[in-house]
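Coordinate analysis (summary)
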Amino acid sequence: MQANTQASSTIERRAARTGVEFYRELERRGQPVVLTGAVDAWPARSKWSFDWFRATHGDVSAPVEWLKYHRSADGSVERVGRVEVMRVRDYMDALVADDGRLGGGYLIGRDLFGLLPGLLADADFPRLGVSERVTERLIFIGPRGAFTQLHYDRANNLHAMLVGRKRWQLYAPNRTPELHPARYEYPYSVMSEDDLAPQGGDPERLPGGVRPDHDFILEQGEVLYLPYGWWHRVETLAPSIATNLWWLSWPLLAKHGPGLVRDIAAGRVRAKVRRYEQITAGRRYRNEA
């Protein structure tokens, strides 16, 4: 199949509203949209900064990831690189310096939420009216140049940009055959064969030469609503702090069946076991050749 050469587009922006019905309407439309004004009243909007994390939680140690999705010798997908524990203070110092020493290392904060559960109340997703109970939340703190390879999430996603800015490239679900889904054990995400290291994983090179449907910058204070099944790759353009909420609505559960919930539950257990082994035993992911 030849690469799609259609021109990339910007994305719709609209003022956010609270209430469950607003998000049900977005889900029915099935299109990504950038929401403005959604986080203006959040405590995180005024509190969270590099200086605040350094001063308030600087002595906390958390894992930082230097990882890429890679094609293994047996044809499966694996994550390669390393995970190291750093003090939040040291990480923030390197982040503010913005001198390249972090090399794309991401402080991805499922662990940070676990270490500092009070942070959950600062990002007031319930105020937006998303009431479904099958959810997962992360903090993403990363340097300029941090990059996430092309994948899609098997859940709805709200990604709130609190500090910094990121470039997003989105591909509609109906373009899945062009992007060559790759098998990966973790159930949340499906990777693109064409964006795997070592041949792929370069933000300057489109996977398979396939142009995205949307190519835009998510600015500080904006929230991206990304429906289930939309492929995306993300490049951090400035040192950033973001947080997100994945959730499964009842219509999604009805459509995709109980097997998805079973896979997600199993994936959570595998992820916790893997992270515990890597951090407590000092293990690293396999280094790239």
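Residues numbered from 1 in each chain as written. Predicted model: local features only at pLDDT ≥ 70, side-chain atom pairs only at ≥ 80, totals over all residues. Heavy atoms only, no water.

Re the packing of aromatic side chains
- If you walk through the whole model with that rule in mind, you get seven aromatic pairs.
- Site record: aromatic cluster; members linked through ring pairs are Trp 48, Trp 52 and Phe 53.
- Between Arg 82 and the ring centre of Trp 66, over which it is positioned, the NZ or CZ distance is 4.0 Å.
- Positioned above the aromatic ring of Phe 113 is the side chain of Arg 137, whose terminal nitrogen or guanidinium carbon lies 5.7 Å from the ring centre. (Phe/Tyr/Trp six-rings, centres within 6.5 Å; stacked < 30°, edge-to-face > 60°. Lys NZ or Arg CZ within 6 Å of the ring centre and 35° of its normal.)

Looking at the pattern of salt bridges
- Here the structure, examined in full by the defined rule, presents 19 salt bridges.
- Its salt-bridge partner being Arg 14, residue Glu 25 comes within 3.7 Å of it at the nearest N-O pair. Here Glu 25, found in helix H1 (residues 20–29), pairs with Arg 14, found in strand S1 (residues 13–15); they are 11 residues apart in sequence, far enough to count as distant.
- Glu 25 sits in the partly exposed class, given a relative accessible area of 26%.
- The residue Arg 28 makes a salt bridge to Glu 21 at a minimum N-O spacing of 2.5 Å.
- When salt bridges that share partners are traced, they join Arg 14, Arg 17 and Glu 25 into one network. (Salt bridge = Lys/Arg side-chain N within 4 Å of Asp/Glu carboxyl O. Helix = DSSP H or I, 4+ residues; strand = E, 2+ residues; numbered from the N terminus. Buried < 20%, exposed > 50% of the residue type's maximum accessible area, 1.4 Å probe, protein only.)

Things to note about helix H4 (residues 88–97)
- Val 88, Tyr 91, Met 92, Ala 94 and Leu 95 are the residues of H4 that are buried. For H4, the buried positions fall inside an angular range of 165 degrees around the axis, keeping them on one side.
- Residue Asp 98 follows H4 closely and has a positive phi angle near 50 degrees. (Arc of directions from axis to C-beta.)

Considering the nonpolar core
- Leu 35, Trp 48, Phe 53, Leu 112, Ile 141 and Leu 158 are the most contacted members of the largest nonpolar core, which has 44 residues in total.
- Counting residues per element, this core draws most heavily on H4, which supplies five residues.
- Those residues within four positions of Leu 158 in sequence are excluded, and the remaining contacts are Tyr 23, Leu 35, Phe 125, Leu 128, Val 130, Val 223, Leu 224, Tyr 225, Thr 243, Asn 244, Leu 245 and Trp 247.
- By size, the runner-up hydrophobic cluster in this structure holds 24 residues, among which are Ile 11, Phe 140, Ala 155 and Leu 252. (Core = buried A, V, L, I, M, F, W, Y, C linked by side-chain atoms within 4.5 Å. Contact = heavy atoms within 4.5 Å.)

Structural notes on helix H3 (residues 50–57)
- Of the residues making up H3, those classed as buried are Phe 50, Trp 52, Phe 53 and His 57. Viewed along the axis of H3, the buried residues span an arc of 165 degrees, placing them on a single side of the element. Relative to its buried face, H3 has exposed residues pointing more than 90 degrees away, namely Asp 51 and Ala 55.

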